[in-house]
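# A structural walkthrough
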Amino acid sequence: MAAVAPEHAIGVFDSGVGGLTVLKALLRELPGENFIYLGDTARLPYGTKSPTTVVRYALAAAEALMALRLKCLVIACNTASAVALAQVRARVVSVPVIGVIEPGAEAACASSSSGHIAVIGTEGTIRGGAYQEAIRRRRPQAQVAAAAAPLFVALAEEDLCEGPIAAAVAHHYLDPLLAGAPRTDTLVLGCTHFPMLRRAIEQAVGPGLAIVDSAQTTAGAVRCTLAQAGILAPAGMPHGRLRLLATDAPQRFAQIGARFLERRIAAEDVEAIDL
Ligand code: DGL
């Protein structure tokens, strides 16, 4: 890591706009850092693809970002973190690579008193079992119930985060999950899009269930990793620069992404990139 310097950017990639929920947490945690975010909108969704395909896409995105002088790479996409973290780490050896699953599992274990934890994510994330495994590694007695909730991705992008449709879909996925795991006290939102539906999810599960969103713990993990490597941006730096890249439809990325990032994104601020 000799060539890595504090002023280099933190690269963040996702299958599309969803990872902007993770970027939002990173910007809040590390305001002095420079960030380059890549949304692979041409290949979205990753959540329904086979592991082989997701690994291929993730490696291509990681390589494109690594060409831009990074000091750290964050895989904001839960599906890519679940399926391709080891392969990306094997390919990108010059900077730390951080996924969202381990910080999410850490937060879930810290939150749960009963040790009964539920996880929702995309088909690919749930099928691969990465959250279940990461939770049980930390807490071997944990009971983990998991379900795919793919419609939440479309609802978040369609701006149907609240109201009767969101409520019906939340009950559709969560009622059977929790009926089969009645002692659950913690629910992990294991997908970049799900924090957008947090209110509908909270209303469906009722009070008494802690909701864990891995974005904040991932931002903490990135800070810790940079601090340990001595490559945090110097304290007191003014706001860092943010570059946004998308592999397709920059205008749509800007329009939908603004809601996820909770800040205005001009279409001309999104650079088109081919992988
Ligand atoms: N970013 C993906 C994830 O967090 C959700 C969208 C997709 O399926 O690509 O798993």
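How each quantity is defined
Residues numbered from 1 in each chain as written. Predicted model: local features only at pLDDT ≥ 70, side-chain atom pairs only at ≥ 80, totals over all residues. Heavy atoms only, no water. Pairing = 2+ DSSP bridges. Helix = DSSP H or I, 4+ residues; strand = E, 2+ residues; numbered from the N terminus. Axes fitted to C-alpha atoms, helices over the stretch in contact; angles between N-to-C directions. Contact = heavy atoms within 4.5 Å. Parallel < 35°, antiparallel > 145°, perpendicular 65-115°, else oblique. Left-handed = near helix turned anticlockwise from the far one by under 90°. Near = heavy atom within 4 Å. Polar contact = N/O pair within 3.5 Å; in protein donor to acceptor, adjacent residues only side chain to side chain. Areas by Shrake-Rupley, 256 points an atom, 1.4 Å probe, with all protein chains shown as cover. Nonpolar A, V, L, I, M, F, W, Y, C, P; charged D, E, K, R; others polar. Buried < 20%, exposed > 50% of the residue type's maximum accessible area, 1.4 Å probe, protein only. Salt bridge = Lys/Arg side-chain N within 4 Å of Asp/Glu carboxyl O. Phe/Tyr/Trp six-rings, centres within 6.5 Å; stacked < 30°, edge-to-face > 60°. Core = buried A, V, L, I, M, F, W, Y, C linked by side-chain atoms within 4.5 Å.

Our next topic: the sheet that holds strand β1 (residues 9-14). An order of β4-β3-β1-β2-β9-β10 is seen for the six strands of this open sheet, with the pairing classed as parallel. Edge positions in the sheet fall to β4 (97-99) and β10 (270-272), since each of these pairs with one other strand and no more. Sheet twist, expressed as the mean angle between neighbouring strand axes with direction ignored, is 25°. As paired strands, β1 and strand β3 (residues 70-75) are joined by five bridges and run parallel to one another. Residue pairing in the sheet places Ile10 in a bridge with Cys72 of β3. Packed onto the sheet, helix α3 (residues 78-91) meets β1, β3 and β4 and runs at close to 165° relative to β4.

With that out of the way, let us pick up the packing of helix α4 (residues 101-111) against helix α6 (residues 130-138). Two numbers describe how α4 lies on α6: the axes approach to 9 Å, and their chain directions differ by 50°. Comparing their axes, α6 and α4 come out oblique. The way α4 lies across α6 gives a crossing that is right-handed. In contact with Ile101, Glu102, Gly104, Ala105, Glu106 and Cys109 of α4, α6 contributes Ala130, Tyr131, Ala134, Ile135, Arg137 and Arg138.

The strand order across the open sheet formed by four strands is β6-β5-β7-β8, and the pairing between neighbours is parallel. Edge positions in the sheet fall to β6 (143-148) and β8 (210-213), since each of these pairs with one other strand and no more. Direction aside, neighbouring strands of the sheet carry axes that sit 20° apart on average. Lying on the sheet, α4 is in contact with β5 (116-121), β7 (186-190) and β8; it crosses β8 at an angle near 160°. Across the sheet, α6 is in contact with β5, β6 and β7; its angle to β6 comes to roughly 165°.

Close to the ligand lie 13 residues; Asp14, Ser15, Tyr46, Gly47 and Thr79 are nearest. In this structure, a nitrogen atom belonging to the ligand sits 2.8 Å away from a side-chain N or O atom of Asp14. In the environment of the ligand, an oxygen atom lies 3.0 Å from a nitrogen or oxygen atom belonging to the backbone of Asn78. Protein chains bury 99% of the 300 Å² of accessible surface belonging to the ligand in isolation. Broken down by class, the residue content of the shell around the ligand amounts to five nonpolar, seven polar and one charged.

Before going further, it helps to examine the pairing of β5. Within β5, six of the six residues are buried, which leaves it mostly tucked inside the rest of the structure. Neither face of β5 is exposed, since His116, Ala118 and Ile120 on one face and Ile117, Val119 and Gly121 on the opposite face are all buried. As defined by bridge partners, β5 adjoins β6 across six bridges and the pair is classed as parallel. Within β6, the position partnered with Ile120 by the bridge is Ala147.

Enumeration according to the criterion identifies 14 salt bridges in this entry. With its nearest N and O atoms 2.5 Å apart, the salt bridge here joins Glu33 to Lys71. One end of the pair, Glu33, is in the loop between α1 (20-29) and β2 (35-39); the other, Lys71, is in strand β3, and 38 residues separate them in sequence. Neither Glu33 nor Lys71 differs from the other in exposure class; each is buried.

Before going further, it helps to examine the packing of aromatic side chains. What the rule picks out here adds up to four aromatic pairs. Seen in terms of ring centroids, Tyr37 and Phe253 are 5.9 Å apart; in terms of plane orientation they differ by 50°. Their pairing is tilted. With Tyr37 in strand β2 and Phe253 in helix α11 (residues 250-261), this residue pair connects regions lying 216 residues apart in the sequence. Residue classification places Tyr37 among the buried residues on the basis of a relative accessible area of 0%.

Turning our attention to the nonpolar core. Counting 90 residues, the largest nonpolar core has Ile120, Phe152 and Leu187 as the members making the most contacts within it. The greatest single-element share of this core, amounting to nine residues, is contributed by helix α2 (residues 51-66). Leaving out residues up to four positions away in the same chain, Phe152 has contacts with Ile120, Val169, Ala170, Tyr173, His193, Phe194, Leu197 and Ile201. Core analysis: the next-biggest nonpolar cluster, separate from the first, contains 16 residues, Ala107, Ile126, Ala130 and Val144 among them.

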